[in-house]
2 protein chains.
Amino acid sequence: MSSDQHTQSVESAGLTDVPGFQASGVSCDVRDLGDGRLDVALVFSRHPCSAAAVFTTNEVVAAPVTLNRESLQKVDVHHGVIVNSGNANAWTGAQGIADAREMQAMAAAACDVAQPSILVCSTGRIGLPLPMLRIRNGIRDAATGKGTSSEHGINASQAILTTDSNAKRATVHVTTAQGDITIAGMAKGAGMIHPDMATMLAFIATDAKIERSCLQDMLRNAVKTSFNAITVDGDRSTNDTVIVLANGHCEITVDPTDTSLHAGFSQALHQVCSILAEKLVCDGEKITKVVEILIEGAASEADAEAIARAMGNSLLVKTSWYGNDPNWGRLMDAAGYAGARIEEFKVDLAYKPHSASSDSTQPVAVLRSGNALTENEHLWKTIVARERFTILLNLNIGSSSYRFLAADLTEEYVDFNKSE
Amino acid sequence: MSSDQHTQSVESAGLTDVPGFQASGVSCDVRDLGDGRLDVALVFSRHPCSAAAVFTTNEVVAAPVTLNRESLQKVDVHHGVIVNSGNANAWTGAQGIADAREMQAMAAAACDVAQPSILVCSTGRIGLPLPMLRIRNGIRDAATGKGTSSEHGINASQAILTTDSNAKRATVHVTTAQGDITIAGMAKGAGMIHPDMATMLAFIATDAKIERSCLQDMLRNAVKTSFNAITVDGDRSTNDTVIVLANGHCEITVDPTDTSLHAGFSQALHQVCSILAEKLVCDGEKITKVVEILIEGAASEADAEAIARAMGNSLLVKTSWYGNDPNWGRLMDAAGYAGARIEEFKVDLAYKPHSASSDSTQPVAVLRSGNALTENEHLWKTIVARERFTILLNLNIGSSSYRFLAADLTEEYVDFNKSE
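Being a predicted model, the structure only gives us computed values, none of them experimental.

Student: For the overall build of chain A, give the residues involved together with the corresponding values.
Tutor: Along its length, chain A carries 11 helices and 18 strands. For 420 residues, the compact-globule formula gives about 22 Å, and the C-alpha radius of gyration of chain A, at 22 Å, lands near that figure. Counting contacts in chain A only where the partners sit at least 6 residues apart, residues at least 24 apart contribute 80% of the total. Measuring between centres, the 34 positive side-chain charges of chain A sit 2 Å from its 49 negative side-chain charges.

Student: An account of the packing of aromatic side chains is needed here, citing residue identities and associated values.
Tutor: All names here are of chain A. One pass over the structure, following the stated rule, counts eight aromatic pairs over all chains. With a centroid separation of 6.3 Å and an interplanar angle of 35 degrees, the aromatic rings of Tyr-402 and Phe-404 are classed as tilted. Residue Phe-404 is classed as buried on the basis of its relative accessible area, which comes to 0%. By way of ring pairs, the aromatic residues Trp-321, Tyr-351 and Phe-389 are connected into one cluster. The ring of Phe-44 is capped by Lys-146, whose NZ or CZ atom sits 5.4 Å from the centre of that ring.

Student: Describe the packing of helix α7 (residues 301-313) of chain A against helix α9 (residues 328-336) of chain A, naming the residues involved and giving the relevant values.
Tutor: Residues and elements named next belong to chain A. Taken N-terminus to C-terminus, the directions of α7 and α9 make an angle of 130 degrees; their axes are 8 Å apart at the nearest point. Classified by the interaxial angle, the pair formed by α7 and α9 is oblique. Crossing handedness for the pair α7 and α9: right-handed. The residues of α9 that touch α7, namely those facing Ile-307, Ala-310 and Met-311, are Leu-331, Ala-334 and Ala-335. Here the residues of the contact of α7 with α9 are counted per class, giving six nonpolar, no polar and no charged.

Student: I'd like a rundown of the interface of chain A and chain B, residues and numbers included.
Tutor: Taken together, the contact between chain A and chain B spans 57 residues of the former and 58 residues of the latter. Overall, the association of chain A and chain B removes approximately 4700 Å² of surface from exposure, summing both partners, and the carbon and sulfur fraction of that is 57%. Three residues, Trp91(A), Leu315(A) and Tyr337(A), lead the burial of chain A against chain B; their summed loss comes to 16% of the area buried on that side. Linking chain A to chain B there are zero salt bridges. In this assembly, chain A and chain B are joined by two residue pairs in polar contact (both at pLDDT 80 or more). Put simply, the parts of the chain that give the side of chain A that touches chain B at least two residues each are α2 (93-111), α8 (315-322), α9, α10 (377-384) and α11 (411-418) of chain A. For the side of chain A that touches chain B, the per-class residue count stands at 22 nonpolar, 19 polar and 16 charged.

Student: How would you summarise α11(A) if you had to cite specific residues and measurements?
Tutor: Turning to α11(A), its buried residues number three or more, namely Glu411(A), Tyr413(A), Val414(A) and Asn417(A). Around the axis of α11(A), the buried residues are gathered within 160 degrees of arc, so they sit on the same side. Next to the buried residues of α11(A) lie α8 of chain A together with α8 (315-322), α9 (328-336) and α11 (411-418) of chain B.

Student: Which residues make up the relation of the copies chain A and chain B, and what are the values?
Tutor: Mapping chain A onto chain B is achieved by rotating through 180 degrees and translating by 0.0 Å along the same axis, at an RMSD of 0.0 Å. Such a combination of turn and shift is consistent with a two-fold rotation axis. Measuring from the rotation axis to each C-alpha of chain A, the shortest distance belongs to Glu411(A), at 2.3 Å. When the interface residues of chain A are mapped onto chain B, 100% of them are again interface residues, pointing to one common binding face.

Student: Explain unusual backbone geometry to me, using residue names and the numbers behind them.
Tutor: Phi angles above zero are rare outside glycine, and Asn89(A) is one such case at about 45 degrees. Within the fold, Asn89(A) resides in the loop between β4 (78-87) and α2.

Student: Now, about the sheet that holds strand β10 (residues 230-231) of chain B: what can you tell me, with residues and values included?
Tutor: Residue and element names in this part refer to chain B. Here we have seven strands laid out as an open sheet, ordered β10-β18-β13-β17-β14-β15-β16, and mixed in their pairing. Edge positions in the sheet fall to β10 and β16 (371-372), since each has one partner strand and no second. The strands touched by α8 within the sheet are β10, β13 (290-298), β17 (388-394) and β18 (400-407), with β18 carrying the most contacts at an inclination of about 60 degrees.

Student: Mind laying out the pattern of salt bridges, listing which residues take part and the relevant values?
Tutor: For the structure shown, the criterion picks out 25 salt bridges over all chains. Ionic pairing is found between Arg136(B) and Glu102(B), a salt bridge with its closest N-O pair at 2.4 Å. Of this pair, Arg136(B) sits in helix α3 (residues 132-144) while Glu102(B) sits in helix α2 (residues 93-111); the two residues are 34 residues apart in sequence, bridging distant segments of the chain. Under the relative-accessibility criterion, Arg136(B) is labelled partly exposed at 25%. The network of salt bridges with shared partners includes Glu70(A), Lys74(A) and Arg101(A).

Here is what the cut-offs are and how they apply
- Residues numbered from 1 in each chain as written.
- Chains lettered and ligands numbered in written order.
- Predicted model: local features only at pLDDT ≥ 70, side-chain atom pairs only at ≥ 80, totals over all residues.
- Heavy atoms only, no water.
- Helix = DSSP H or I, 4+ residues; strand = E, 2+ residues; numbered from the N terminus.
- Rg over C-alpha atoms; globule rule 2.2 N^0.38 Å.
- Contact = heavy atoms within 4.5 Å.
- Lys, Arg positive; Asp, Glu negative; His and termini not counted.
- Charge placed at Lys NZ, Arg CZ, Asp CG, Glu CD.
- Phe/Tyr/Trp six-rings, centres within 6.5 Å; stacked < 30°, edge-to-face > 60°.
- Buried < 20%, exposed > 50% of the residue type's maximum accessible area, 1.4 Å probe, protein only.
- Lys NZ or Arg CZ within 6 Å of the ring centre and 35° of its normal.
- Axes fitted to C-alpha atoms, helices over the stretch in contact; angles between N-to-C directions.
- Parallel < 35°, antiparallel > 145°, perpendicular 65-115°, else oblique.
- Left-handed = near helix turned anticlockwise from the far one by under 90°.
- Nonpolar A, V, L, I, M, F, W, Y, C, P; charged D, E, K, R; others polar.
- Buried area = accessible area lost by both parts, 1.4 Å probe.
- Salt bridge = Lys/Arg side-chain N within 4 Å of Asp/Glu carboxyl O.
- Polar contact = N/O pair within 3.5 Å; in protein donor to acceptor, adjacent residues only side chain to side chain.
- Arc of directions from axis to C-beta.
- Least-squares fit on C-alpha atoms with pLDDT ≥ 70 in both.
- Pairing = 2+ DSSP bridges.

What follows is the structure, given as structure tokens:
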């Protein structure tokens, strides 16, 4: 980024931090519990937007995912997203598609825009038909009640939650020579699928002007090392969706010809995704720890990623974290079955306290050239007893690296997920 | 198999059920606990044997695995296996290789056979040097004390255990026109790696006369649908090994030219492997349920296997089993991310009581052509509340199938594995 640009992360009210975006979060009792919980969110921009999206790689996809793929092909500009929580509208057959389409039609009509310009997302139980009588009320109220205040943005971020314990928002300002750009986002629950509750959803808005394919490329890159580099339980849902809308309200055009601005915006978009992704892991179901896994010196990025994922998804590794056990044997066992190239006597492994910790954050060596430095064992234990720490693995056979965030596995997770 | 052949599974004392095989299980206190636990086993045949073996696919392998690969290349006949539990001799560097080689040399000398004709296995903690002073005593005692009684076979099967709660043995007799063949085996702990405890080990002996490459082919086939078709926690260890020794004592030659005998022997070898594999899952760490996953009608066997493994290794599926929850949404979500071809509206899914149950074992439909038969929900619940049941998934798009055995995930598993 050039010296006349800088980015700043600020306290966030979510999507209404971005000029030209309205939002709302209302209650229509999707869950039929009569508890007044917010469960329908609308995001809307009167300015037409470029839209980009990344969806789940699951072969079984929910009806709204199918509809969104169609809508993104059908029209070039979009105006917003209608979202419900409490029901995933997944594995719901032809009725599910019809219901998603009706949600889209109602929201578009209420906002006076073309039907395919509204995207649709659902999250919650799989295999139950949507309660459309109540959903219709929700969409009507969400359209009527939309606005640009912080409260509107915060309500929307709450209406999309399922088993999350808190709302997740992020806002970054990019200062450029031409003026300010804002990027803001909100997200819910990753890889922490409560009994039948699905899904990671993230919605990002910006007032920059960006051509659609350029936006899609930037989103794909940002997601790769943020939302796609975290794990709680290794399960991937039928509804996972990240959508970004760019309404051009600030009249600053981001495109590849202005290398510096393009790089600066990409970095800021990645920052918003990373903040949201980190909030998702930290709010993983019944976790007690978040562990950063940094693989370096791998023969390829694919190798580095495979090792990080094998470590972060191993039940034995995750339970050892929960037990404050610096069990490097389990880490190296998982690394070994990742299918990546490893040479035992080149491996350096270290534990490092999280950088936000108040005291020393020096790494403490565990293996040096494959040999265990057992004299450090008392230090390993103090580090892995923390709520956050880093595992640094250098394979010393190449120059590729990968960063991954993972959570531990607790008895409470099993208890929480065992019951209907 | 022709009508003059049949196989029979009988109560097993392990490898000493096979004529010409001696065994022993002795205590040398590998763990330094002074508890008299059996921890060194020897299997020996004075008749030279054809040997075949299948090892872990883990990139990080223990020293004995490296040594065995070398020994199998170096000589054409083998005489036995020396095994210790309590220490895996994994991630132990040059000293580990030297120690494994010394175990081999001592056992071979004590039995008066060529050094590379003895194979070596270790199972237990990773990353600690073997206590060779005690191991040497163990090998000496094992060689002196070896014999052909049932007690010898049973002791050997106990000496190889780590966190297993019981010994696992299987014996199958094959009656042929030329006479009887015996195949017997013993095994320990699969995918249930206690704090640093590694590994699935299985040892099989037969008195048939079989050329080495033919034996290797039959073993590879048998392992594929037995030991490699089970999971407890999805982790794969650095030491996993299956070894079969054929000493030719009964003077019946099994080779591909006698199609019927070859098929009969293959089937019996598979039966021994399957009995042992099933015992391994049933003794998985802190499990309460064993679930058979039968995938049918898949586009390819790879697809069928990928779906079965995704289901059997999903934390959300495993915790739902533990909670007696007939949660088909989680099953289909896992099936969806397996990377296999699925067409939602062709899928038939059913729960079926285990065939050994006394009462009805009729399957109860869950999905028919993708539609949930919720009127059966009370029946689903009675089935998944059992200790054993089957999940039948027919994709109805091809003719490939796969069978997989998996265990549930319990709070006790997490508690058991969290501590050092």
